[in-house]
Amino acid sequence: DTEVTQTPKHLVMGMTNKKSLKCEQHMGHRAMYWYKQKAKKPPELMFVYSYEKLSINESVPSRFSPECPNSSLLNLHLHALQPEDSALYLCASSPRVIYNSPLHFGNGTRLTVT
Amino acid sequence: SQQGEEDPQALSIQEGENATMNCSYKTSINNLQWYRQNSGRGLVHLILIRSNEREKHSGRLRVTLDTSKKSSSLLITASRAADTASYFCATLIQGAQKLVFGQGTRLTINP
């Protein structure tokens, strides 16, 4: 089992829906990340939060809106998605945004946009 | 473009054999990390090697790093069916707060 918990595990949504992905960790990590992974591809960085502040946005479309309410929680709000946004969305955390320590990943949310 | 390129893209071996995967990268790095991903699951960190290190071991895993050739290899000895997974290298690019993943190697261990 992973120490980073993501909910839901699976999500099917229409292009007009609004939904949210949630991520939680209780390791005291102050850096949290969202990655997107298409089938048979590597994870691609979307957002980085450091001490609850957005530090990196990899030019992600505005239909993806991240939020970090506190040091343990990370949300990804979804609105007006496209079918090509269907993917595995992975949350990760690390003690700091320094990368000299490994990332801890959740098991992801499998998103299907219809 | 992706920083890391892995070779081979897919590898199928018999249980008990050794598996070697290679990773090449383009720019100077602070460290290189290897992760494993079972189908449909999250990534699990295996080993981190710093740019001033040449070799590192962890159980049945052996990682080498050659910064002059900008390459790394992951060796899994005495493979088991449970080692079946995708393996990714990830590099921390100097000066950037980004961990960039390679394309991955899909490893299949046949019983």
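Residues numbered from 1 in each chain as written. Chains lettered and ligands numbered in written order. Predicted model: local features only at pLDDT ≥ 70, side-chain atom pairs only at ≥ 80, totals over all residues. Heavy atoms only, no water.

**Student:** Would you mind going over the state of the cysteines in detail, with residue names and values included?
**Tutor:** Residue and element names in this part refer to chain A. The tally for this structure, following the rule as stated, stands at two disulfides over all chains. The side chain of C23 participates in a disulfide bridge whose partner is C91; the two sulfur atoms lie 1.9 Å from each other. Between C23 and C91 the disulfide shows an S-S torsion of about -70°. By sign, it is left-handed. One end of the pair, C23, is in strand 3 (residues 18–25); the other, C91, is in strand 9 (residues 87–94), with 68 residues separating them in the sequence. Looking at C91, the relative accessible area reads 0%, which means it is buried. (Disulfide = S-S within 2.5 Å. Helix = DSSP H or I, 4+ residues; strand = E, 2+ residues; numbered from the N terminus. Buried < 20%, exposed > 50% of the residue type's maximum accessible area, 1.4 Å probe, protein only.)

**Student:** Please set out the environment of A:K41 residue by residue, giving values where relevant.
**Tutor:** Position of A:K41 among the secondary structure elements: in the loop between strand 4 (31–37) and strand 5 (44–50). According to the relative accessible area criterion, A:K41 is partly exposed, its value standing at 44%. The contact partners of A:K41, leaving out residues within four places of it in the chain, are B:F88 and B:Q103. (Contact = heavy atoms within 4.5 Å.)

**Student:** Please set out the pairing of strand 6 (residues 55–58) of chain B residue by residue, giving values where relevant.
**Tutor:** Residue and element names in this part refer to chain B. Where strand 6 meets strand 7 (residues 61–66), four bridges bridge the pair, whose relative direction is antiparallel. Note that in strand 7 the partner of S58 across the bridge is L61. Two successive antiparallel strands, strand 6 and strand 7, enclose a turn made up of two residues, where G59 displays a positive phi of approximately 60°. (Pairing = 2+ DSSP bridges.)

**Student:** Give me the lowdown on the sheet that holds strand 1 (residues 5–7) of chain B, citing residues and values where you can.
**Tutor:** Residue and element names in this part refer to chain B. Spatially, the five strands line up as an open sheet ordered 1-3-8-7-6, and their pairing is antiparallel. Of all the strands in the sheet, the pair left with one neighbour each is strand 1 and strand 6. In this sheet, adjacent strand axes meet at a mean angle of 15° when their direction is disregarded. Examined bridge by bridge, strand 3 (residues 19–24) and strand 8 (residues 71–76) share six bridges and lie antiparallel to one another. The residue of strand 8 that forms the bridge with N22 is S73. (Axes fitted to C-alpha atoms, helices over the stretch in contact; angles between N-to-C directions.)

**Student:** I'd like a description of the packing of aromatic side chains, backed by residues and values.
**Tutor:** Across all of its chains, the model carries seven aromatic pairs over all chains by this definition. Centroid distance A:F64 to A:Y89: 5.8 Å. Interplanar angle 35°. Geometry classified as tilted. Separated by 25 residues along the polypeptide, A:F64 in strand 7 (residues 64–70) and A:Y89 in strand 9 bring together distant segments of the chain. The exposure class assigned to A:Y89 is buried, which follows from its relative accessible area of 0%. Put simply, the rings of A:Y35, A:F105, B:Y35, B:F88 and B:F101 touch in pairs and so form one group of aromatic residues. (Phe/Tyr/Trp six-rings, centres within 6.5 Å; stacked < 30°, edge-to-face > 60°.)

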